[in-house]
Amino acid sequence: MKLGIIGVGNAGSKIVDKMVEFESLTDRKLCRHVMVINTARTDLSKPDHIPDSQRILIGDTHQKAKGHGVGGDVEVGAEVAQNDIDEIRRAFDDVDIHEVDAILVCASLGGGTGSGAGPVVINELQKMYDEPVYGLGVLPGKYEGGRPALNAARSLQSFVNNTDNFIAFDNDAWRSKDQTVGEGYEGMNRELATRLVTLLGAGEYDEPTVAENAMDSSDIIRTLDTSGISSIGYASTSVDKTNGEGLLKRFREDHEIEDGSNAAAKINGLVRRAVNSRLTLPCEVSSADRALIVLSGPPSELSRKGLESAREWIENEVDTVEVLAGDDPRENATALSAVVLLSNVTETPRIESIQDQAVEAQEKIAEQEAVREEEIADLITDSDGKIDPVI
Ligand code: GDP
């Protein structure tokens, strides 16, 4: 499909940047409009692939932001976006809506800007356009503590209530213990960008394709049209070992499939591996409402029979008749990839655990605030209360 992508906040902007990078490395044509919005000038300078004109600083005159971010405060994030709504609207005016089938807003939910300003941006987009607006949200890891969990639990409600679909990415599930935080994020963003661009970029080519089974953007829109939370599975295998060196190679999980002899069996195995691999949001697969399979690779590797049997397998796993499947033939691809979208998953323990952590954090914050006020009052008044303040 043709997409407008908007990154809000630090992580959201880095993810959008990685999507643009992966798109250009694989010669795809997904992102027709790209924009990043931030309250922190330094974070706004991080992306490598976003034109300067598409970087929007908000809140630079807001007393609590002033171009330095919102300090993880979700309320301030929302307030800043609301105050600068005219500027945000003006930036959206440039989006030629005939050029896009949908808009994707990417943000992390654990910080302040993405989690607070993200929902304001989404509301505005929903008012301005008839096209679907999707959200992509990063859930904070448990190890990050109570405040990010509370931000995320609050922001998740706003994202899900106001988007046509919310694709989740769980930092907890993707954290690798032997990496620094920076390296970890870089790798996670690459994995996520690979999944998003392979899925949403299916069916977009420079030249019209004659492929029989080609994925159509209406199939993707149909699968996402559940108003719920989605998770993505992915698996890939090299089809040409002499190519694909360098940066592009790093985008791949280069697992080999033992049985390379039979294209249909290969595809079936790949799709099963995609579903059974680490999902962007760990969840009970059978709780999904709808599913979609995209098979992307050289036309010689694609098999109608393989895709059909994989579709049947998912239909049984998910226990729904709403499973769509299609090919995304890529003449120059050096890998065969399967991406599976599980739409409206309802059994996901991570979300419950974030909510538990958030409730605990909220109670603790309220308790600490009450104690703090009492302590300050005690400290500044004399023990007999004989002294009055000046004003
Ligand atoms: P914001 O600019 O105020 O929205 O703040 P951030 O986007 O930095 O939000 C902080 C949250 O995002 C924390 O939960 C971090 O773990 C997470 N985070 C920060 N950078 C990245 C990133 O590059 N990738 C991922 N997956 N998570 C990130």
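What counts, and where the lines are drawn
Residues numbered from 1 in each chain as written. Predicted model: local features only at pLDDT ≥ 70, side-chain atom pairs only at ≥ 80, totals over all residues. Heavy atoms only, no water. Helix = DSSP H or I, 4+ residues; strand = E, 2+ residues; numbered from the N terminus. Rg over C-alpha atoms; globule rule 2.2 N^0.38 Å. Buried < 20%, exposed > 50% of the residue type's maximum accessible area, 1.4 Å probe, protein only. Contact = heavy atoms within 4.5 Å. Areas by Shrake-Rupley, 256 points an atom, 1.4 Å probe, with all protein chains shown as cover. Domains from an automatic or database assignment. Buried area = accessible area lost by both parts, 1.4 Å probe. Salt bridge = Lys/Arg side-chain N within 4 Å of Asp/Glu carboxyl O. Polar contact = N/O pair within 3.5 Å; in protein donor to acceptor, adjacent residues only side chain to side chain. Disulfide = S-S within 2.5 Å. Near = heavy atom within 4 Å. Nonpolar A, V, L, I, M, F, W, Y, C, P; charged D, E, K, R; others polar. Pairing = 2+ DSSP bridges. Axes fitted to C-alpha atoms, helices over the stretch in contact; angles between N-to-C directions.

- Per an unreviewed UniProt entry, the protein chain carries the name Tubulin-like protein CetZ and comes from Haloferax larsenii.

### Here's the deal with the overall build of the protein chain
Here is step 1 of the chain: The helix and strand tally for the protein chain stands at 12 helices and 10 strands.
Here is step 2 of the chain: Whereas a compact globule of 391 residues would reach a radius of gyration of roughly 21 Å, the protein chain reaches 23 Å, a difference of no more than 12%.
Here is step 3 of the chain: Looking at the 391 residues of the protein chain, the share that counts as buried comes to 54%.
Here is step 4 of the chain: Put simply, 82% of the contacts in the protein chain that link residues at least 6 apart link residues at least 24 apart.
Here is step 5 of the chain: Of the roughly 18100 Å² that the protein chain leaves accessible, carbon and sulfur atoms contribute 45%.

### Quick notes on the domain arrangement of the protein chain
Here is step 1 of the chain: Its domain assignment divides the protein chain into domain 1 (3-200) and domain 2 (229-343).
Here is step 2 of the chain: The gap between the C-alpha centroids of domain 1 and domain 2 is 26 Å.
Here is step 3 of the chain: Contact with domain 1, which involves 26 residues of that partner, is made by 23 residues of domain 2.
Here is step 4 of the chain: Surface buried jointly by domain 1 and domain 2 totals about 2300 Å² across both partners, of which 64% is contributed by carbon and sulfur atoms.
Here is step 5 of the chain: Counting every contact that joins domain 1 to domain 2 gives one salt bridge.
Here is step 6 of the chain: Between Asp328 and Arg28 there is a salt bridge, and its shortest N-O distance comes to 3.7 Å.
Here is step 7 of the chain: Across the contact surface, domain 1 and domain 2 share nine residue pairs in polar contact (both at pLDDT 80 or more).
Here is step 8 of the chain: Of all the secondary-structure elements, those providing two or more residues to the side of domain 1 that touches domain 2 are helix 1 (9-25), helix 6 (146-162), strand 6 (165-170), helix 7 (171-174) and helix 8 (181-200).

### Quick word on the state of the cysteines
Here is step 1 of the chain: On inspection of all chains with the given rule, the structure shows zero disulfides.
Here is step 2 of the chain: Cys31 forms no disulfide, and the closest cysteine sulfur to it belongs to Cys106, at a distance of 8.9 Å.
Here is step 3 of the chain: Owing to a relative accessible area of 13%, Cys31 belongs among the buried residues under this scheme.
Here is step 4 of the chain: In this structure Cys106 comes out as buried when scored by relative accessible area, which is 0%.

### Details of the site of the ligand
Here is step 1 of the chain: Residues in contact with the ligand amount to 17 residues; listed here are only the nearest, Asn10, Ser108, Glu144, Tyr185 and Asn189.
Here is step 2 of the chain: One nitrogen or oxygen atom from the main chain of Gly114 is found 2.8 Å from an oxygen atom belonging to the ligand.
Here is step 3 of the chain: When the ligand sits alone it has 570 Å² of accessible area, and the protein chains cover 89% of it.
Here is step 4 of the chain: Of all elements in the fold, only helix 1, helix 5 (113-128) and helix 8 reach the threshold of two or more residues within the shell around the ligand.
Here is step 5 of the chain: It is helix 1 that provides the largest number of residues to the shell around the ligand, a total of four residues.
Here is step 6 of the chain: Taken together, the residues of the shell around the ligand sort by class into six nonpolar, nine polar and two charged.

### Thoughts on the sheet that holds strand 6
Here is step 1 of the chain: One open sheet accounts for 10 strands, arranged 3-2-1-4-5-6-7-10-8-9; its pairing is mixed. The open sheet has two edge strands with one neighbour each: strand 3 (55-57) and strand 9 (323-329). The average undirected angle you get between the axes of adjacent strands in this sheet is 20 degrees.
Here is step 2 of the chain: Of the strand pairs in this sheet, strand 6 and strand 7 (residues 229-238) are connected by two bridges, and their pairing is parallel. Residue Phe166 lies in a different strand from strand 7, and its bridge partner there is Ile229.

### Some points on the pattern of salt bridges
Here is step 1 of the chain: This structure, assessed with the given rule, holds 23 salt bridges.
Here is step 2 of the chain: For Lys18, the salt bridge is made with Glu21, and the minimal N-O distance between the two is 3.0 Å. Here the residue Lys18 and the residue Glu21 both occupy positions in helix 1, the gap between them amounting to three residues, near one helical turn.
Here is step 3 of the chain: What makes Glu21 buried here is its relative accessible area of 10%.
Here is step 4 of the chain: Linking Asp27 and Lys29 is a salt bridge whose minimum nitrogen-to-oxygen distance equals 3.6 Å.
Here is step 5 of the chain: What makes Asp27 exposed here is its relative accessible area of 52%.

### What to know about the side chain of Thr226
Here is step 1 of the chain: Within the secondary structure, Thr226 sits in the loop between helix 9 (217-224) and strand 7.
Here is step 2 of the chain: Residue Thr226 is classed as buried on the basis of its relative accessible area, which comes to 16%.
Here is step 3 of the chain: Engagement of the side chain of Thr226 in a polar contact is seen with the side chain of Ser343, the distance being 3.0 Å.
Here is step 4 of the chain: Setting aside anything within four residues of it in sequence, one finds Thr226 in contact with Asp164, Asn165, Asp289, Arg290, Ser343 and Asn344.

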